[in-house]
Amino acid sequence: MDGKDRPDRILFVAIVLLVGVGIIMVYSSSVAVAQLRYQTSSFFLKRHVLRALLGLLAMLVAMRIDYHRWQKLAGLGMLVSIFLLSLVLLPRVGWGGSAKGLSRSLNLAFVRFQPSEMVKLVLVFYIARQMTRKEGQIGDFKEGLLPTVCVIGLSLVLIALQPDLGTALVVGMLVFSMFAVAGVRWIHLLKMGFLTLLGAATMIFCVPYCRLRVLSFLDSELDPIGAGYQIEQSLISLGSGGIFGVGLGNSRQKLLFLPEPHTDFVFSILGEELGFVGVVVILALFLLVAWRGLRAARGAADRFGFLMGTGITAMIFLNMAVNVAVVTRLCPTTGLTLPFISYGGSSLLFNLIGMGILLNISRRRLAGKASWKKRRGPCAC
Amino acid sequence: MNSNQGRRTLLVIALGFCVWSSLVGRLFFIQILHNREYCRKSKVQHRCELVLNARRGNIYDRDGTKLVFNLPVKSYYAVPQEIENPQRLGDMFGKFLNRPSQSIIRNFYKKGSFVWLTRKMGPVESELIESWSIPGVYALGEMERFYPGRSMGCQIIGFTDVDNSGLEGLELQFDEQLCGEDGWAVVQMDACGRKIPLAEYPREEPCDGHSLVLTIQATYQAIAEQELERGIQDTRARAGCVILMDPVTGEILAMANEPRYDLNHPGRVLPEWRRNRAITDMFEPGSTFKIVAAAAALQEETQKPEDIIYCEEGQIEVCGKIIHDVEEFGWLTFQRVIEKSSNVGVIKVARKLGEKIFFDYARAFGFGNLTGIQLPGEAKGLLAHPKTWSGMSLASMAIGHEVAVTPLQLVCAYASLANGGTLMKPLIVRYIVDGRGNVVRNFSPSPVRRVISPETAAVLRFFLAKVVESGTGKMARMKGLTVAGKTGTAYKLKENGSGFSSNKFVASFCGFFPAESPRLVGLVILDEPRSPHSGGRAAAPIFRRIAERILYLPKGPCADLCLMTSEPGDTSQMVVVPSLSGLDSSAAVHQLQQRGLVAELEGDGLRVYHQQPQTGLLVARGETVLVHLGDQRARGSEPSEIPHVVGLTMREAIRQLRQKELAVRVSGSGLVVRQTPKAGSSIGEGIVCHLECAPSGGGQSLMAVASSCYQGVSKP
């Protein structure tokens with residue numbers, strides 16, 4: 001590594017900014033809930049700061065680890081992921097304390113841990129590795145794709161069974177975008193897409209919880225005190241923010257009107273307190289992250305780096321997009337967090353690890369002689 | 001391959017950018033385009049505005065006596081979620097409020113976190129309730145309107161509802177000014193309904209209501225009400241009203257209605273009792289309306305005061321109907337027509353005027369129009385336009401039928417005679433003042449229009465003085481003061497509208513004093529008095545009693561009137577010598593002692609036949625009154641002496657001299673300053689007393705105009 005092999009500073013700053021905004025917003029939005037549940041308004045803040053520091057540390061560590069190492073861990077990671085996802089489904093192990101009776105996390109001694117957050121990242125490694133290995137056979141469905149697709153499909157089904165349709169949706173889109181970028185034939189993509197949609201449809205109509213969410217999305221009157229209420233409150237939050245917002249800390253919706261104000265719906269509180277301007281700034285930061293991420297990916301020394309970078313960027317971006325779509329009532333409520341900003345240890349930790357890897361990729365852009373940069377397509381980033 | 005990869009990346013980027021843009025677009029749609037809608041929704045669900053009640057203004061009389069003010073009271077409410085034992089709470093309050101406990105407990109199970117238990121408890125009740133210390137019961141400080149005068153001026157003042165907004169009278173009319181502006185404090189409410197106080201939240205301090213200063217004089221009002229009540233008892237009338245007004249300014253000094261009710265408990269009375277009859281009730285005024293024809297005739301010079309009118313021996317035919325007089329009169333002067341209240345004479349006067357002019361004058365006096373008093377619910381009265389009149393109308397109207405007037409209109413019309421011809425807008429609220437006593441709004445006296453000339457007014461005052469002196473209004477006569485006025489006795493229309501009732505009357509007396517320069521106009525109206533039923537005998541005595549009591553008051557708008565009956569000096573220590581004539585010695589002594597005078601008895605008779613100083617004279621308290629006792633027989637046989645009349649008003653002097661059957665000749669007007677022959681000289685045949693008079697107060701020169709008329713008085 002020579003002196004020029006520095007991680008992308010803009011990307012780094014953007015991430016740190018987002019994490020910083022996250023700390024502020026988690027505190028602002030959780031005051032009332034913390035006061036109510038734990039009698040101390042800084043309960044969530046303290047924990048979030050701790051996790052953010054831990055996450056940033058993890059990012060810094062990941063930034064220094066050569067990303068090629070992950071390639072070797074991908075297979076093992078996938079196995080562990082599938083194991084953990086199955087564990088969550090077991091009634092005793094899965095954390096059943098959730099208000100909605102859903103089990104998405106594991107009680108690991110002293111921390112609750114959401115495997116699906118890890119799975120997203122591991123899937124990126126796995127797909128990147130598979131697509132790198134099978135670069136030559138990518139046009140051949142049976143040889144090149146089927147083993148990968150089977151593993152992915154299994155984990156997707158396990159996630160969907162939790163049920164966590166939001167993550168399943170993000171993972172699905174992530175897989176397709178990675179496949180698309182990796183060069184899978186359109187016809188194969190279409191077929192798989194069709195199958196996935198069929199599966200999703202079956203899922204939606206068979207699981208009452210999912211059906212309710214979709215139906216209440218289509219008609220908010222249907223479930224006015226459940227998901228419909230939540231989304232209505234979210235819109236009230238955003239809508240009452242206006243252009244410049246009601247001012248930091250002045251949100252009224254966080255006073256227990258909006259459920260989950262510091263996790264899934266932190267964006268609504270952000271929109272209320274900082275207004276359209278604040279919201280667009282945050283979205284622009286995400287766009288910046290995506291741009292710098294893709295730039296790093298395209299400048300990566302090898303195909304694995306390119307696919308990893310694209311995948312991680314897509315993961316963050318899709319997570320963000322689905323979360324914002326949920327709070328703006330563009331898609332049914334999913335339970336996805338807003339990357340970097342929402343309160344939630346697993347998601348913050350794995351997203352920051354992902355960023356660390358991305359930063360590492362950005363650092364390696366000139367390392368290989370056969371740099372992708374020299375052979376890249378017409379798109380100049 | 002690689003260019004393919006590049007294209008694919010580009011596609012993914014494009015898709016991502018599309019997604020991003022649509023998110024921004026969606027946020028623009030929600031946050032900017034629909035901002036107001038969501039703001040409203042947001043406000044509805046978590047703004048809880050606590051009302052900070054403004055203190056309602058007080059109402060004062062013209063001297064600053066509080067007629068209405070606020071008392072701090074406590075209201076109790078329950079928060080059902082916090083009640084531990086609803087049954088106990090229900091029982092406690094049920095017993096306290098004398099209500100079945102179930103009716104209280106039931107409310108606890110309704111939706112909401114706020115249930116009124118009882119409102120506006122005084123300190124004693126509050127202490128009791130607080131001694132129970134029931135969890136979930138809270139007190140809220142409130143203000144309650146308190147009317148210390150209870151029923152005094154109830155129809156004028158009106159009352160408020162439990163939330164202190166005006167429902168009747170001045171409380172209603174000036175509600176906006178009285179109530180002030182409530183302040184508010186925004187309290188944040190969370191989804192659980194708890195209030196979260198936040199320092200930076202807006203807060204608007206309440207702006208206390210303004211207070212009203214009335215033109216009403218509380219003592220006058222009380223006197224008017226007491227005397228009216230007594231008069232109603234005496235005559236067994238159904239209802240009645242009295243208005244006292246300052247004719248110069250149009251200020252109403254008292255407005256009494258009977259029956260009354262306690263303003264502190266307004267819910268307990270019939271709505272009918274709450275009506276302010278003085279402005280809402282219309283009645284056919286009868287003879288009191290005759291001044292319209294008289295004023296018009298004098299002003300238009302169709303009649304001169306000394307003109308004589310043939311009264312057709314008591315009946316006149318109008319359109320086939322015969323209108324009678326009470327007595328059969330032959331030839332009467334115009335002044336005597338009014339004095340005797342001859343219907344025939346007035347009808348003839350009105351006919352000479354013509355419909356148009358008569359109507360114009362009736363309008364000019366304010367009949368058929370709102371007076372514009374600052375009270376709610378004023379009636380306009382009925383005054384038909386000549387176009388719709390029948391052949392009977394002019395004659396009927398001239399004697400006060402076929403028109404309907406409110407008591408206030410009538411009093412205003414008389415006030416315009418009293419003040420020299422200007423119709424004044426009646427005033428009841430003089431000032432609106434803020435909490436620190438600064439005048440926010442000043443309602444100054446405002447003339448509506450000049451109706452008649454001062455000269456005409458002076459002549460009419462003389463006419464009306466004659467009514468009281470020797471006509472139908474004799475019962476309103478007072479010692480030491482000339483009263484002018486007119487009586488009215490109108491048959492009431494039958495309930496079904498078919499003609500007049502034969503035994504139901506409205507008796508009225510409208511008058512003013514002193515006649516020379518009136519300071520007070522008063523109207524007494526009795527609705528359906530049984531006996532006596534005539535204005536002269538039922539209403540006029542009430543007027544007199546009110547006036548007498550008012551004149552004895554040391555304070556008030558008419559306090560300085562005493563000056564006019566004697567030399568200037570300290571009047572607060574002055575008393576009027578009562579009439580002792582005919583009383584036995586003990587009664588006479590009692591009468592004098594009551595007024596703080598010392599009696600010195602002379603002679604050995606049973607009854608008083610002479611006194612020194614004279615009746616009606618104003619003397620200092622503690623003065624000795626010489627009382628001559630003798631028997632009736634002796635009085636007649638003793639040679640009479642010319643009484644002492646210096647210092648009396650001209651009218652009183654004339655009255656006293658005429659009692660002794662003396663001829664009087666007057667020069668000047670006002671108070672008697674010299675008399676010849678001297679007092680105490682014996683009365684002989686053919687003696688003519690010369691009285692020299694001089695004005696003692698302002699405005700008396702008006703009387704000089706009418707002095708030519710007075711010359712006639714001197715002829716026995």
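Refer to the structure printed above.
Cut-off values and rules
- Residues numbered from 1 in each chain as written.
- Chains lettered and ligands numbered in written order.
- Predicted model: local features only at pLDDT ≥ 70, side-chain atom pairs only at ≥ 80, totals over all residues.
- Heavy atoms only, no water.
- Helix = DSSP H or I, 4+ residues; strand = E, 2+ residues; numbered from the N terminus.
- Contact = heavy atoms within 4.5 Å.
- Areas by Shrake-Rupley, 256 points an atom, 1.4 Å probe, with all protein chains shown as cover.
- Buried area = accessible area lost by both parts, 1.4 Å probe.
- Salt bridge = Lys/Arg side-chain N within 4 Å of Asp/Glu carboxyl O.
- Polar contact = N/O pair within 3.5 Å; in protein donor to acceptor, adjacent residues only side chain to side chain.
- Axes fitted to C-alpha atoms, helices over the stretch in contact; angles between N-to-C directions.
- Parallel < 35°, antiparallel > 145°, perpendicular 65-115°, else oblique.
- Nonpolar A, V, L, I, M, F, W, Y, C, P; charged D, E, K, R; others polar.
- Expected span 1.5 Å × (residues − 1).
- Bend = angle between axes of the 7 residues up to and from the residue.
- Buried < 20%, exposed > 50% of the residue type's maximum accessible area, 1.4 Å probe, protein only.
- Phe/Tyr/Trp six-rings, centres within 6.5 Å; stacked < 30°, edge-to-face > 60°.
- Pairing = 2+ DSSP bridges.
- Core = buried A, V, L, I, M, F, W, Y, C linked by side-chain atoms within 4.5 Å.

## A few points about the overall build of chain A
For step 1, the next point in the chain: Looking only at helices and strands, one finds 12 helices and two strands in chain A.
For step 2, the next point in the chain: Helices (α) and strands (β) of chain A occur, in sequence order from the N terminus, as α-α-α-β-β-α-α-α-α-α-α-α-α-α.
For step 3, the next point in the chain: Pairs at least 24 apart in sequence give 74% of the contacts found in chain A among residues at least 6 apart.
For step 4, the next point in the chain: For chain A, the computed accessible surface area is about 15,400 Å², with 68% contributed by carbon and sulfur atoms.

## Observations regarding the interface of chain B and chain A
For step 1, the next point in the chain: Between chain B and chain A, the contact holds 39 residues from the first and 50 residues from the second.
For step 2, the next point in the chain: Together, the buried faces of chain B and chain A total about 3,900 Å²; carbon and sulfur atoms form 69% of this surface.
For step 3, the next point in the chain: Considering only the surface of chain B that becomes buried against chain A, Arg8, Trp20 and Gln31 of chain B emerge as the three largest contributors, covering 18% of it.
For step 4, the next point in the chain: Where chain B meets chain A, there are one salt bridge.
For step 5, the next point in the chain: Ionic pairing is found between Glu232 of chain A and Lys41 of chain B, a salt bridge with its closest N-O pair at 2.8 Å.
For step 6, the next point in the chain: Seen at the junction of chain B and chain A, the total is eight residue pairs in polar contact (both at pLDDT 80 or more).
For step 7, the next point in the chain: For the side of chain B that touches chain A, the secondary structure elements donating two or more residues are α1 (2-33), α2 (35-46) and β6 (183-189) of chain B.

## A few points about the packing of helix α4 (residues 115-133) of chain A against helix α12 (residues 345-363) of chain A
All names here are of chain A.
For step 1, the next point in the chain: Relative to each other, α4 and α12 sit at 20°, their axes nearing to 8 Å. On the basis of their axis angle, the class for α4 and α12 is roughly parallel. Contact residues: Glu117, Met118, Leu121 and Phe125 in α4; Ser346, Ser347, Phe350, Ile353, Gly354 and Ile357 in α12.
For step 2, the next point in the chain: When grouped by side-chain class, the residues that make up the contact of α4 with α12 number six nonpolar, three polar and one charged.

## What about helix α3 (residues 68-89) of chain A?
Note that an α-helix has 3.6 residues per turn; residues three or four places apart therefore point the same way.
Residues and elements named next belong to chain A.
For step 1, the next point in the chain: Compared with an ideal rise of 1.5 Å per residue, which puts 22 residues at 32 Å, α3 spans 32 Å between its outermost C-alpha atoms and is within 8% of the ideal.
For step 2, the next point in the chain: A maximum bend of about 45° is found in α3 at Ala74.
For step 3, the next point in the chain: Within the sequence span of α3, burial applies to Trp70, Ala74, Gly75, Gly77, Met78, Ser81, Ile82, Leu84, Leu85, Leu87 and Val88.

## Some details on the packing of aromatic side chains
For step 1, the next point in the chain: The final tally for this structure, using the stated rule, is 27 aromatic pairs over all chains.
For step 2, the next point in the chain: Seen in terms of ring centroids, Phe44 of chain A and Tyr343 of chain A are 5.0 Å apart; in terms of plane orientation they differ by 85°. Their pairing is edge-to-face. With Phe44 of chain A in helix α2 (residues 43-64) and Tyr343 of chain A in the loop between α11 (303-327) and α12, the pair connects residues that are 299 residues apart, well separated along the chain. Accessibility assignment for this pair places Phe44 of chain A and Tyr343 of chain A in one class, buried.
For step 3, the next point in the chain: With a centroid separation of 6.5 Å and 85° between ring planes, the pair formed by Phe93 of chain B and Phe96 of chain B is classed as edge-to-face. Here Phe93 of chain B and its partner Phe96 of chain B are both found in helix α3 (residues 86-97), three residues apart, which amounts to about one turn of the helix.
For step 4, the next point in the chain: With a relative accessible area of 1%, Phe93 of chain B lands in the buried category.
For step 5, the next point in the chain: Under the relative-accessibility criterion, Phe96 of chain B is labelled partly exposed at 24%.
For step 6, the next point in the chain: By way of ring pairs, the aromatic residues Phe289, Phe358, Phe359, Phe367 and Trp389 of chain B are connected into one cluster.

## With respect to the environment of Lys254 of chain A
Residues and elements named next belong to chain A.
For step 1, the next point in the chain: Mapped onto the fold, Lys254 is located in the loop between α9 (227-241) and α10 (266-298).
For step 2, the next point in the chain: Lys254 sits in the buried class, given a relative accessible area of 7%.
For step 3, the next point in the chain: In this structure the C-alpha to C-alpha distance between Lys254 and Val266, which are 12 residues apart in sequence, comes to 9.2 Å.
For step 4, the next point in the chain: Not counting residues up to four positions away in its chain, the partners in contact with Lys254 are Ser28, Ser29, Ala32, Val33, Gly249, Pro261, Ile269 and Glu273.

## Considering the pairing of strand β14 (residues 321-324) of chain B
Moving residue by residue along a regular strand, the side chains alternate between the two faces of the sheet.
Residues and elements named next belong to chain B.
For step 1, the next point in the chain: Pairing geometry for strand β13 (residues 315-318) and β14, over four bridges, is antiparallel. Its bridge partner lying in β14, Gln315 is registered against His324.
For step 2, the next point in the chain: What sits between the antiparallel neighbours β13 and β14 is a turn of two residues, in which Cys319 has the positive phi angle 50°.

## A closer look at the nonpolar core
For step 1, the next point in the chain: In terms of nonpolar packing, the biggest core is built from 112 residues, with Ile15, Phe179, Phe340, Ile341 and Ile357 of chain A touching the most fellow members.
For step 2, the next point in the chain: Per element, the largest residue contribution to this core is 17 residues, and it comes from α11 of chain A.
For step 3, the next point in the chain: Apart from the residues lying within four places of it in its own chain, the contact partners of Phe340 of chain A are Ile15, Leu18, Val19, Gly22, His48, Phe286, Ile316, Leu348, Asn351, Leu352 and Met355 of chain A.
For step 4, the next point in the chain: Counting 104 residues, the second largest nonpolar core, distinct from the first, contains Phe174, Ala398, Tyr414 and Leu464 of chain B.

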